[in-house]
Structures are given as C-alpha cells and as structure tokens.
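Here is what each chain is made of, one letter per residue.
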Amino acid sequence: MFLSIKEMEVRKVRFDETFPPGEIDFSGAEVRQASPLHAEGVAELLANTEGEVRIKGRLRVNLESECDRCLARAEFPLDSSFDLFYRPTESLSAAEELAIDEGEAEIGFYQGAGMELEEILREQILLLLPMQRVCSSDCKGICPVCGKDRNETVCHCRIEPVNDRWSALRKISQG
Ligand SMILES: [Zn+2]
Ligand SMILES: [Zn+2]
C-alpha cells in the first residue's frame, strides 16, 4: 500500500491491511513469516513542518527462524505498536545528510511522493526481532563434540576451553 503525501495533504490516511506470507520479502534476514501480517494505523502530514509525516499504528505477525543454538524452529510472535516520523530527503542539507550517515537518526526519511507501507513494516519487524534467535532462553544447543542435540540427549563430552587452541599455538611459536 502506497502512503501518498498528496492524499495526506487532504486527510489523514488510515490503513488496516493484512499481508499473507510471501508478500513482504524477508529473504536475506534469515527469517520466515509464519502468519498473516496485520497492520492498522494512520499516516498524517504534520502541520507547520516541511513535509514531516507521522505514522502511528500497530502490527501483529508470527515469524520463525532456525534456533541459533540447536537449529530447531524458533518462533517469534510480535505484537507491537509503533509511532514513527519521516522527513523528505529533499529537506536535508548536505551537512544533515552526513549526520544521518553517522547513525544518529531516530527519524526516517522518504523520497518523492510518499512511502510504501510494506517497507516500513518490514523495517519495524526486523527491529523487533531479538538479536539472539533461540527456540527458548534455556535451549542447551548442539554439542560441538558429538553433534547431539543436548535438549534431547545428555552427552558427557568434555568441551575443551577455547583458549587451549591459542596456548598450543603459543607453544609452537616459542619452540
Ligand atoms: Zn534451540
Ligand atoms: Zn557431546
């Protein structure tokens, strides 16, 4: 759905949209959409600004990925409200553009006639996902020695401390 600035000049633009899996591209993010994505809210052009847009709403979706530790399915039900501000890139001076490159931007930017709701939602969803994607916080993961899933089987492998490799290397270089 395209959120048009022209339309916002006349009225607030309300949205209440459902995107089935596949409509928004999550490839490259190593995550799959496991339920329809529902988003509702309103986009408005803020008065007395140079084209600043506020997008407020709520999104609900279930995502899944491989567990970082055991490779089983990890699920992430998201239900979150958002309140975002966007400014037209045309309003920026060169100096301001530099500042944005340095990553202090709490504010987003749009170019031209408006923005795609799908892109905004995709960005929000990726921000909402936890850094560590695990099936459960106490997932024991896969044993690096025997390869067994330690959630299912207790193995008695001795896991060498990582440092040993380096001390072995040091011995070689000293000898
Ligand atoms: Zn796991
Ligand atoms: Zn083991």
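That block above? That's the structure.
Since this is a predicted model, take the numbers as computed values, not measurements.

Conventions adopted
Residues numbered from 1 in each chain as written. Chains lettered and ligands numbered in written order. Predicted model: local features only at pLDDT ≥ 70, side-chain atom pairs only at ≥ 80, totals over all residues. Heavy atoms only, no water. 1 Å grid on protein atoms, 1.4 Å probe; cavity = no way out; pocket = protein on both sides within 12 Å on 5 of 7 lines; lining within 4 Å. Points joined across faces, edges and corners; volume = space filled by probe spheres on them. Helix = DSSP H or I, 4+ residues; strand = E, 2+ residues; numbered from the N terminus. Nonpolar A, V, L, I, M, F, W, Y, C, P; charged D, E, K, R; others polar. Core = buried A, V, L, I, M, F, W, Y, C linked by side-chain atoms within 4.5 Å. Buried < 20%, exposed > 50% of the residue type's maximum accessible area, 1.4 Å probe, protein only. Donors = N, O, S within 2.8 Å, 3.2 Å for Na, K, Ca; no water. Tetrahedral: all angles 85-135°; square planar, octahedral: opposite > 155°, others 65-115°. Expected span 1.5 Å × (residues − 1). Arc of directions from axis to C-beta. Contact = heavy atoms within 4.5 Å.

Q: Please clarify how the layout of surface pockets should be interpreted in this entry.
A: The method is simple in principle: a probe with the dimensions of a water molecule rolls over the atoms, and the space it marks as empty is what remains. One number sums up the size of the second largest pocket: a volume of about 150 Å³. Along the walls of the second largest pocket sit Y86, F109, Y110, G114, M115, E116, E119, I120 and E123, which together make up its complete lining. Elements supplying a minimum of two residues to the lining of the second largest pocket: strand 7 (108–110), strand 8 (114–116) and helix 3 (117–128). Each residue belonging to the lining of the second largest pocket can be placed in one class, and the counts come to 5 nonpolar, 1 polar and 3 charged.

Q: What is the right way to look at the nonpolar core in this model?
A: Counting 35 residues, the largest nonpolar core has L3, I55 and M115 as the members making the most contacts within it. Examining the composition of this core, we find that 6 residues originate from one element, strand 6 (residues 73–88), more than from any other.

Q: Any chance you could explain the coordination of the zinc ion (ligand 2) here in plain terms?
A: Under ideal tetrahedral coordination, the four donors around a metal are separated by 109.5 degrees; under ideal octahedral coordination, the six donors are separated by 90 or 180 degrees. All of the protein donors around the zinc ion (ligand 2) are C143 (SG), C146 (SG), C155 (SG) and C157 (SG); their distances to the metal are 2.3 Å. Each of the 4 donor atoms around the zinc ion (ligand 2) contributes to a set of angles spanning 105 to 113°, which defines the coordination as tetrahedral. All donors to the zinc ion (ligand 2) come from one chain, and their sequence spacing reads C-x2-C-x8-C-x1-C. One end of the pair, C143, is in the loop between helix 3 and helix 4 (163–174); the other, C155, is in the loop between helix 3 and helix 4, and 12 residues separate them in sequence. Exposure remark for C143: the relative accessible area of 2% places this residue in the buried category.

Q: Looking at this structure, how should I read helix 3?
A: Compared with an ideal rise of 1.5 Å per residue, which puts 12 residues at 16 Å, helix 3 spans 16 Å between its outermost C-alpha atoms and is within 8% of the ideal. Among the residues of helix 3, L117, I120, L121, Q124 and I125 are the ones counted as buried. One side of helix 3 carries all its buried residues, which in axial view fall inside an arc of 130°. Seen from the buried face of helix 3, the exposed residues on the opposite side, beyond 90 degrees, are E119 and L127.

Q: I'm lost on the environment of Q124 in this one. Help?
A: Within the secondary structure, Q124 sits in helix 3. Spatially, the C-alpha atom of Q124 lies 9.3 Å from that of S80, the residues being 44 residues apart in sequence. If sequence neighbours within four positions are ignored, Q124 has contacts with L59, F82 and L84.

Q: Would you mind showing me how to read unusual backbone geometry here?
A: One non-glycine residue, E30, adopts positive backbone phi at about 55°. One can find E30 in the loop between strand 2 (13–19) and strand 3 (32–33). With a phi angle near 70°, L71 is a residue other than glycine that sits in the positive phi range. For L71, a relative accessible area of 53% corresponds to the exposed category.

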